[in-house]
Amino acid sequence: MATCRVPLFLLACGSFNPITNQHMRLFELARDHMHSTGRYQVVGGIVSPVSDGYGKQSLVLAEHRIAMAKLAIKSSNWLTVDEWESQQPDWMETVVTMRCGTLSSRPPHHHVPPLPSGPAPQLKLLCGADFLDTFKVPGLWKDKHVEEVAGRFGLVCVSRGGLQPERAMHESDTLSRHQQNIFLVREWVRNETSATEVRRAVRRGLSVKYLIPDSVIEYIKEHNLYTEDSERKNKGTVLRPLTKQAKSFND
Amino acid sequence: METQDLTKVVLLACGSFNPVTNMHLRMFELARDHLQDTGRYKVVAGIISPVGDGYKKQGLIEACHRVEMSRLATDNSDWISVDPWESLQPEWVETAKVVRHHYGELVAAEKNSDEVDTVKYAKKRRRKENSFGGKDDPQLMLLCGADVLESFGVPDLWKQEDMTEIVGRYGMVCITRSGNDPHKFIHQSDMLWKHRRNIHLVHEWVTNDISATHVRRALRRGQSVRYLLPDPVVRYIQEHNLYSAESEKKYAGVVLAPLQRNAASSSS
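About the criteria used
Residues numbered from 1 in each chain as written. Chains lettered and ligands numbered in written order. Predicted model: local features only at pLDDT ≥ 70, side-chain atom pairs only at ≥ 80, totals over all residues. Heavy atoms only, no water. Helix = DSSP H or I, 4+ residues; strand = E, 2+ residues; numbered from the N terminus. Buried < 20%, exposed > 50% of the residue type's maximum accessible area, 1.4 Å probe, protein only. Contact = heavy atoms within 4.5 Å. Areas by Shrake-Rupley, 256 points an atom, 1.4 Å probe, with all protein chains shown as cover. Pairing = 2+ DSSP bridges. Axes fitted to C-alpha atoms, helices over the stretch in contact; angles between N-to-C directions. Parallel < 35°, antiparallel > 145°, perpendicular 65-115°, else oblique. Left-handed = near helix turned anticlockwise from the far one by under 90°. Nonpolar A, V, L, I, M, F, W, Y, C, P; charged D, E, K, R; others polar. Buried area = accessible area lost by both parts, 1.4 Å probe. Salt bridge = Lys/Arg side-chain N within 4 Å of Asp/Glu carboxyl O. Polar contact = N/O pair within 3.5 Å; in protein donor to acceptor, adjacent residues only side chain to side chain. 1 Å grid on protein atoms, 1.4 Å probe; cavity = no way out; pocket = protein on both sides within 12 Å on 5 of 7 lines; lining within 4 Å. Points joined across faces, edges and corners; volume = space filled by probe spheres on them. Disulfide = S-S within 2.5 Å. Core = buried A, V, L, I, M, F, W, Y, C linked by side-chain atoms within 4.5 Å.

A.B. asks: What's the story with the overall build of chain A in this structure? I'm lost.
C.D. replies: A tally of helices and strands in chain A yields 13 helices and six strands. The buried share among the 251 residues of chain A stands at 53%. When contacts within chain A are restricted to residue pairs at least 6 apart in sequence, long-range pairs at least 24 apart make up 80% of them. A total of about 12,000 Å² of accessible surface is found on chain A, and carbon and sulfur atoms cover 52% of it.

A.B. asks: Could you clarify how one ought to interpret the sheet that holds strand β1 (residues 7-15) of chain B in this entry?
C.D. replies: Across a sheet, paired strands are connected by hydrogen bonds in the backbone, their directions being either parallel or antiparallel. Residues and elements named next belong to chain B. Spatially, β3-β2-β1-β4-β5-β6 is the arrangement adopted by the six strands of the open sheet, whose pairing is parallel. The open sheet terminates on both sides in strands that have one partner only, identified here as β3 (80-82) and β6 (199-203). With strand direction ignored, the average angle separating the axes of adjacent strands in the sheet is 25 degrees. Here β1 pairs with strand β2 (residues 41-50) via nine bridges, running parallel. Within β2, the position partnered with Gly15 by the bridge is Pro50.

A.B. asks: What is the right way to look at the packing of helix α2 (residues 62-73) of chain A against helix α11 (residues 214-223) of chain A in this model?
C.D. replies: In a packed pair of helices, the relevant descriptors are the angle between the two axes and the axis-to-axis distance. Residues and elements named next belong to chain A. Look at α2 against α11: their axes get within 8 Å of each other, and the N-to-C directions meet at 150 degrees. One element, α2, and the other, α11, form an angle in the roughly antiparallel class. The hand of the α2/α11 crossing is right-handed. On α11, the residues touching Glu63, His64, Ala67, Met68, Leu71 and Ala72 of α2 are Ser215, Val216, Tyr219, Ile220 and His223. Residue composition of the contact of α2 with α11, by class: seven nonpolar, three polar and one charged.

A.B. asks: Can you walk me through the interface of chain A and chain B in this structure?
C.D. replies: Many descriptions give the size of an interface as the accessible area lost when the pieces come together. Of the residues lining the interface, 22 residues belong to chain A; the matching set on chain B comes to 25 residues. Between chain A and chain B lies a buried interface of about 2,200 Å² when both sides are counted; carbon and sulfur atoms form 48% of it. On the chain A side of the contact with chain B, Arg25, Arg190 and Tyr210 of chain A bury the most area, a combined 32% of that side's loss. Where chain A packs against chain B, one counts zero salt bridges. Along the contact surface separating chain A from chain B lie 12 residue pairs in polar contact (both at pLDDT 80 or more). Sort the elements by how many residues they give to the side of chain A that touches chain B and helix α1 (residues 21-36) of chain A lands first, with five residues. Grouping the constituent residues of the side of chain A that touches chain B by class yields eight nonpolar, six polar and eight charged.

A.B. asks: Explain empty space enclosed by the protein here, please?
C.D. replies: One way to see where empty space is left: roll a probe the size of a water molecule over the atoms. The full count for this structure, using the stated rule, is one cavity of 30 Å³ or more. As a volume, the largest cavity reaches approximately 50 Å³. The wall of the largest cavity is formed by Asn21, Gln22, Arg25, Asn191, Thr193, Tyr210 and Leu211 of chain A together with Asn22, Asn208, Ile210 and Tyr227 of chain B.

A.B. asks: Would you mind showing me how to read the state of the cysteines here?
C.D. replies: The bond known as a disulfide is covalent and runs between the sulfur atoms of two cysteines. Counted under the stated rule, the structure contains zero disulfides over all chains. Lacking any disulfide linkage, Cys127 of chain A is separated from the closest cysteine sulfur, that of Cys157 of chain A, by 4.2 Å.

A.B. asks: Would you mind showing me how to read the nonpolar core here?
C.D. replies: Within soluble globular proteins, side chains that are nonpolar generally end up buried alongside one another. Among the nonpolar cores identified, the biggest contains 42 residues, and Leu11, Met69 and Leu143 of chain B are the most heavily contacted of them. No other element matches the seven residues that helix α1 (residues 22-37) of chain B contributes to this core. The contact partners of Met69 of chain B, leaving out residues within four places of it in the chain, are Pro19, Val20, Ile61, Val233, Tyr236, Ile237, Leu242 and Tyr243 of chain B. Within the second largest apolar cluster, 41 residues are counted, among which are Phe27, Met34, Val81 and Val185 of chain A.

A.B. asks: Is there a simple way to explain the sheet that holds strand β5 (residues 155-159) of chain A in this structure?
C.D. replies: Residues and elements named next belong to chain A. As summarised here, the arrangement of the six strands in space is β3-β2-β1-β4-β5-β6, forming an open sheet in which the pairing is parallel. The open sheet has two edge strands with one neighbour each: β3 (79-81) and β6 (182-186). The sheet shows a mean angle of 25 degrees between the axes of neighbouring strands, taken without regard to direction. When β5 meets β6, the two strands line up parallel, connected through five bridges.

A.B. asks: Would you take a moment to explain the packing of helix α2 (residues 63-74) of chain B against helix α11 (residues 231-240) of chain B for this structure?
C.D. replies: Residues and elements named next belong to chain B. In the contact formed by α2 and α11, the axes pass within 8 Å of each other and the chain directions differ by 150 degrees. Put simply, α2 runs roughly antiparallel to α11. Residues His65, Glu68, Met69, Leu72 and Ala73 of α2 touch α11, and the partners they reach there are Pro232, Val233, Tyr236, Ile237 and His240. Looking at side-chain class alone, the contact of α2 with α11 contains seven nonpolar, two polar and one charged residues.

A.B. asks: Hey, could you run me through the side chain of Ser70 of chain B in this one?
C.D. replies: Residues and elements named next belong to chain B. Note that Ser70 resides in helix α2. With a relative accessible area of 0%, Ser70 lands in the buried category. There is a polar contact of 2.9 Å between the side chain of Ser70 and the backbone oxygen of Arg66. Setting aside anything within four residues of it in sequence, one finds Ser70 in contact with Phe17, Val20, Ile48, Pro50 and Val82.

This is the structure we're talking about:
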């Protein structure tokens, strides 16, 4: 019996402040990995920048982060940028973005040929290994949300540097329970390019060429993003998930 | 600081570039930022010089492809370019010779522009020093990773006089990262220590370890190398179907040209 591959969309939520080559590498690595399992056909990758309501320090306006992401994925034939999350009035929990975003309300950019007997398309959350560690941070995630992300949807987690996602999995009962639905991808090329480092370099007038696409470099220059002032934005503000979820923690 | 007081520098990177990656290109950017940050230099050009096929390193594909990929990679750079001279030589050329050649070209180019300048800017020319090695002469520095610096320790890979010439007469810019200890390496070599002021160490805080070996491995396995190399290079590789298990076996068992040459001369 020929196994029918499950059509798969990969959703990456994050600040993308700014988007870097490393973010786009995540998609490429994840796609290769999921294909190699023999069970999936990756049909789309979605970049979903967080809304300004997130309140993270140094977060520049969503309109810029969206514009830069769009420039970055222009040359890709399978990545798209989803503005839905950034347009919501308040910060949206990741699980809500997964539930209400992409697949349900907007047609995928790549038409998936309908197979009457074929499996329904799935959406999995694409992230770095550091993301798994955030599940442990008190007040940042609701337990039932972690359950839904890991259980109902699934995660594709790309490891980098010294982080050990296996440990984060082991230390979380919820994640352990859903390990069949959590795909760990090893990034062998040690690439520590991070948006934080890119912002630092830009602040200091240093080159970021070959770390982020040229078009994004141009955009940053034109709009004079990432200065000492922009880095201080939201300083002292409590991250929105912590305040939003603290109130309704007993739900 | 007047531009006239800055020493003009050209960075020369020799290597296999098999293929060129974003890491190679980053080296140039890091080196330029570092040198200009000292307030003493102005980096005016960067040159990629892919090694000739005579090097016989395992997995080395034809120079014409490596040169073309490097060209595609630097197409949108306003200061880095590719020079195929080394790759066109019939036999492998020692790095010191490549440096000497490019320095010669640099001086000749300066002379030509001087002659033009003379007509237009007589005053400026009178102020220029005429002695060799004066502050107004451009400097050519070898750009490399710390691994190249440390390869000075590999027996028969480098001729003693070549190493001395490169660091003594020209200069090196070495990009290092955590895991390397170039200071220690320099400290442990009398020759390097003597010319330590000519060896510029640039620490790469954001490790970007995109080795060409890894890239070739990924390609052999049909994995994506997008965003590790410039897009035009990825396309070129796909179009020409470069890098397979076959290409990786090329020169297997063959002695690397420098080892062959230096071993032969040391035994004669």
